[in-house]
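Results of the structural survey
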Amino acid sequence: SSSEKRKMGDRCFMRLRIGGTITSAGIDALVEACDSVVIEREEIEDAIKRGEPLEVEAEEVNWGSADDIERTCIDHDLTYNIYNGEGGSYGAGVKYWKPGMPESTSRVMTHEGQALTYTDLDAITKKETSKAKKFDAVLRWFNTDFDVPPLSREEPSKDEPTVE
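Below is a summary of the structure that appears in this document. Computed from a prediction, not measured in an experiment: that's the story for all the values here.

For the rest of this paragraph, the subject is the overall build of the chain. A count of helices and strands for the chain gives six helices and seven strands. Listing the helices and strands of the chain from first to last along the sequence gives α-β-α-α-β-α-β-β-β-β-α-α-β. Counting over 164 residues, the chain shows a buried share of 36%. Element-wise, carbon and sulfur atoms account for 49% of the exposed surface of the chain, whose accessible area totals about 10,500 Å².

Right, here's the structure in full:
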């Protein structure tokens, strides 16, 4: 059951990088989405002041899962790059999403970097009709941009009427 998974999961190290334009509601939502990793309001404000992505690290993350943070980022159009270390029953990996992507993309990781698994290879080449196109698809896979923009505060629109 999901409650057992929450209580008894393999635990691992996690690094989250979050960026983009954030609203006040987005800040509140990130602070409240703390099932997997606790994000403090001060950390968000500091990242905005520095003009850098929010970067948070946590030890002992249950099942290497940050579903609550991922949902919040997607709901508030924030780019994320989430690395999880190895757990007892799963390997290291990275998940990435940015606004405009239909779904997040995942990569299996090793100590040397990304690992192209047979499942990945099959998925990215099965629609290609020639060896050259298959090779190009693999190169595109390795050259996927996982950059996260700086976190910045949304400025109130000048067109919005002010409440007096």
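Turning our eyes to something else, we now look at the nonpolar core. Core analysis: the biggest nonpolar cluster contains 24 residues, and Ile-18, Leu-30, Leu-54 and Ile-69 have the highest contact counts within it. Within the residue set of this core, elements represented by two or more residues are strand S1 (11–22), helix H2 (24–32), helix H3 (41–50), strand S2 (54–62), helix H4 (67–75) and strand S3 (79–84). Non-local contacts of Ile-69, meaning those with residues more than four positions away in its chain, are made with Leu-16, Ile-18, Leu-30, Ala-33, Ser-36, Val-37 and Ile-39.

Let us look at the side chain of Thr-72. Mapped onto the elements, Thr-72 comes out in helix H4. Each residue touching Thr-72, except ones within four places of it in the same chain, is listed here: Ala-29, Leu-30 and Ala-33.

With that settled, the discussion passes to H2. Taken together, the buried positions of H2 are occupied by Gly-26, Ile-27, Ala-29 and Leu-30. Along the axis of H2, the buried residues cluster in a sector spanning 165 degrees; they form a single face. Residues of H2 that are exposed and angled more than 90 degrees away from the buried face: Ser-24 and Glu-32. Buried residues belonging to H2 abut S1, H3, S2, H4 and strand S7 (151–153).

Along the chain, the position of Asp-10 falls in the loop between helix H1 (2–8) and S1. The exposure class of Asp-10 is partly exposed, given its relative accessible area of 24%. Asp-10 sits 77 residues away from Gly-87 along the chain, and the two C-alpha atoms are 5.4 Å apart.

In this fold, Thr-79 is placed in strand S3. When its relative accessible area of 6% is taken as the criterion, Thr-79 is described as buried. Setting aside residues up to four positions removed in sequence, Thr-79 forms contacts with Arg-17, Ile-18, Gly-19, Tyr-96, Trp-97, Lys-98, Pro-99, Asp-147, Val-148 and Pro-149.

Pairing of S1 with S2 involves seven bridges; the strand directions are antiparallel. Paired with Cys-12 across the strands is Val-61, a residue of S2. Bridge count between S1 and S3: six bridges; the pairing is antiparallel. Pairing of Ile-18 across the sheet is with Tyr-80, part of S3. Sheet topology note: the S1/S7 ladder contains three bridges and is parallel. Counterpart to Ile-22 in the pairing with S7 is Arg-153.

Criteria and cut-off values
Residues numbered from 1 in each chain as written. Predicted model: local features only at pLDDT ≥ 70, side-chain atom pairs only at ≥ 80, totals over all residues. Heavy atoms only, no water. Helix = DSSP H or I, 4+ residues; strand = E, 2+ residues; numbered from the N terminus. Buried < 20%, exposed > 50% of the residue type's maximum accessible area, 1.4 Å probe, protein only. Areas by Shrake-Rupley, 256 points an atom, 1.4 Å probe, with all protein chains shown as cover. Core = buried A, V, L, I, M, F, W, Y, C linked by side-chain atoms within 4.5 Å. Contact = heavy atoms within 4.5 Å. Arc of directions from axis to C-beta. Pairing = 2+ DSSP bridges.

Such coordinate-based values are descriptive only and should not be taken to indicate function.
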